[in-house]
Each structure stands twice: as structure tokens, then as C-alpha cells.
Amino acid sequence: MFNYFYQTMNNVKKLFSIRDLENLSGIKAHTIRIWEKRYNLFSPERTSTNIRTYSLSSLQKLLNITLLYNNGYKISKIAKIPEKNIPILVKETVAKNSVKNHAINAFKLAMINFDQSMFMTTFNGLLKDNSFRDIFKNVFLPLLNELGLLWQTDTISLAHEHFVTALIKQKIISHTEKLQSRDVIKHDKVFVPFLPDNEIHDIGLLYLNYEIVLRGYKSIYLGQTVPVETLRDVIKYFDNLYFLSYFTVAPSKDKIQEYITKFSEMIKEENGANLWVLGYQTKHLEKANLPIFVKSFSSIEQVIDSL
């Protein structure tokens, strides 16, 4: 594990193109060039083919500037602030104005800097005026969607993505724990959130587990990479079971129908249960031919509406 983390950290991206800066900051490349030329805010290096490249410190500075700019500071004023004072002003601004419109950039800045303190400050600022559900829906979900695109385009590294998603998971788990001491008040469904064998992307499932517990249902959270045969053990103990799973990468396109068939055969042998599924791979399901006890959803919101 240590060797993997060490290698991952060594692969952290250190040079960025102007398109990378645009993707991360939301500031158009044309505007970045104007700021660079008019206010001397950045000092890019150039490749042998005369293409601008920007250092990690330049990216951090741009994200800081973007956050201040989005909070009402004029670029001419920002340009006059001593460089060492900009991060201090950013932290003060985040503490005072961590509202939805600016939080995503603050979280991205925390990610780029591997700054847990800034992540927590931003989150706690949001929590003063918003429920955890609102934060997840309006800030974390858009952030996670954006991170996926940034990673796919090689704008951020795997280390960056793991850092920020781990912190988001911590928040989901801690808010779920606060609810778990309450009594179960709804008995018409018992939920079993799980991920299929070889599936480890659990952040969406963790949040759905939070929503289940919030509504007063019993939840038997099984977590990552659960073989379908293991589910039989749960069926023996409970009625009205609703297995809930997130198919992000597994089962793959050529295995997903086989998985549904295997689940169906298991149901016939036992007391019966339902299966709710969502995630990228479900697009390969023949939804019109699904068994009556299998339901496919296109989004987290759809599942929440059906709870």
C-alpha cells in the first residue's frame, strides 16, 4: 500500500497546459492570457515548440485568484496584493463566504494543494446554512462529475481524485453514523446496499445508504466487491428485501445480463427479493425484458424518489 501511494504521489502532474488551467478554474484561456500579459500574474515556461506550460504553483495561484475574483475582487486589485498574502486572503474569504456558487472552486483548490484544512473549512462554512443533503446534491455531486472529466482529460492526477473523494466519503459516513442510533420506523422495506464482485466505486452507494437511514429504514450495508452468492445468506434472515447496487465498471457490458440471470436464479431458490440497480453499466441492460423484481434507475435522484 505504501509503495502504491508513493508511486502515485510521484505521478502527480506538475506541468499544466493553458487548457488544463481553463478546465480547472473555469476562466477562459483568452482571459488567462490577458491577466498574464496585463498584470504579470503568471510566468509560464515554453516548450521547444513554443507552447506555454504552467507549474503547479501557477495553477494554485490561478485557483486562488479565481476564488477571489468570483467573490467580488477586481483583478486589478488582486494583482496588487503581495503573492504571499493571497492564500491568507483566500482562507479568510472561504471562512466568510463559503456559499454554493464558490464552494466547488474552493474544494478544487483544496484538492490541488492536498489541503485537508481548506476542505474542512469550506465544508463547515456550507454546513452553517445548508443541510448535508443540500451540500451533497448541489456541491459534491457537481464536483464529482467535474472531477471525472478532469481525470479523463489528464488535467488532474489519480492522487488528487483519491484525496478529495476520500474526504467526501468521510463526511457521508460521519453523517450516516449520527442517524444510526435512531430506531427503525419503516418496516415495509429492508435495504441491502452492496457493490458486485470487482466493483469498488462506492461513493454513490454510501450516499444512498445515508438517504435510506435518514428515512428510517433498516439498512444492511455490505459495501464493496460482494459475490452474488453471498447475498443468499441475507435472504434467509429477512423479508421485503431490496438489494441496491451501483454498476460503475462491473459487471461489464458482456457480463451484466448474465449477472441479472444469476440473481434471478438465486431468488427462485430462496424466499424472494428485489434488486434495484443504477450506474454506467446499466445502460447495457435490456430494460424491457428485466424480471419484475429488478428495477433500473438512471440517477441517484430517481432512487431517492422511490424510497
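Note that the structure is a prediction, hence the values are computed from the model and not measured. (Residues numbered from 1 in each chain as written. Predicted model: local features only at pLDDT ≥ 70, side-chain atom pairs only at ≥ 80, totals over all residues. Heavy atoms only, no water.)

Description of the overall build of the chain
Helices and strands together make up the secondary structure of the chain, namely 14 helices and 9 strands. Expressed along its principal axes, the backbone C-alpha trace of the chain runs to roughly 70 × 45 × 40 Å. The proportion of buried residues among the 307 residues of the chain is 48%. The contacts of the chain with a sequence gap of at least 6 include a subset with a gap of at least 24, amounting to 71%. When the accessible surface of the chain is totalled, it reaches about 16000 Å², and 50% of it is carbon and sulfur. Within the chain, the 30 negative side-chain charges are centred at a point lying 11 Å from the centre of the 38 positive side-chain charges. (Helix = DSSP H or I, 4+ residues; strand = E, 2+ residues; numbered from the N terminus. Buried < 20%, exposed > 50% of the residue type's maximum accessible area, 1.4 Å probe, protein only. Contact = heavy atoms within 4.5 Å. Areas by Shrake-Rupley, 256 points an atom, 1.4 Å probe, with all protein chains shown as cover. Lys, Arg positive; Asp, Glu negative; His and termini not counted. Charge placed at Lys NZ, Arg CZ, Asp CG, Glu CD.)

So, the pairing of strand β7 (residues 241-246)
The buried fraction of β7 amounts to 6 of the 6 residues, a majority that puts the element mostly inside the structure. A two-sided burial pattern is seen for β7, the buried positions comprising L241, F243 and S245 on one face and Y242, L244 and Y246 on the other.

Overview of the confidence of the model for the chain
Should the pLDDT be low somewhere, the predicted coordinates at that spot are not to be read in detail. With 90% of its residues at a pLDDT of at least 70, the chain reaches an overall mean of 85. Per-residue pLDDT, averaged within each element of the chain, yields its smallest value for helix α1 (residues 2-10) (36) and its largest for helix α11 (residues 203-214) (96). The low-confidence segment residues 1-11, where pLDDT is below 50, has 7 contacts with residues more than four positions distant or belonging to other chains. (pLDDT = per-residue confidence, 0-100.)

Quick look at the pattern of salt bridges
One pass over the structure, following the stated rule, counts 9 salt bridges. A salt bridge links E211 to R133; its shortest N-O distance comes to 3.0 Å. Of the two residues, E211 is situated in helix α11 and R133 in helix α9 (residues 132-152); the sequence distance between them amounts to 78 residues. Take R133: its relative accessible area is 33%, and that puts it in the partly exposed class. One salt bridge connects K169 with D202, and the closest N-O pair in it is separated by 2.7 Å. (Salt bridge = Lys/Arg side-chain N within 4 Å of Asp/Glu carboxyl O.)

So, the nonpolar core
Grouped together as the largest cluster of nonpolar side chains are 74 residues, with contacts concentrated most on F107, F119, F140, I168 and I172. Per element, the largest residue contribution to this core is 10 residues, and it comes from α9. With residues near it in sequence (within four places) discarded, F119 still touches F107, A110, F140, V164, L167, I168 and K171. The next biggest cluster of nonpolar side chains, apart from the first, holds 25 residues, and it includes V226, F243, F247 and A273. (Core = buried A, V, L, I, M, F, W, Y, C linked by side-chain atoms within 4.5 Å.)

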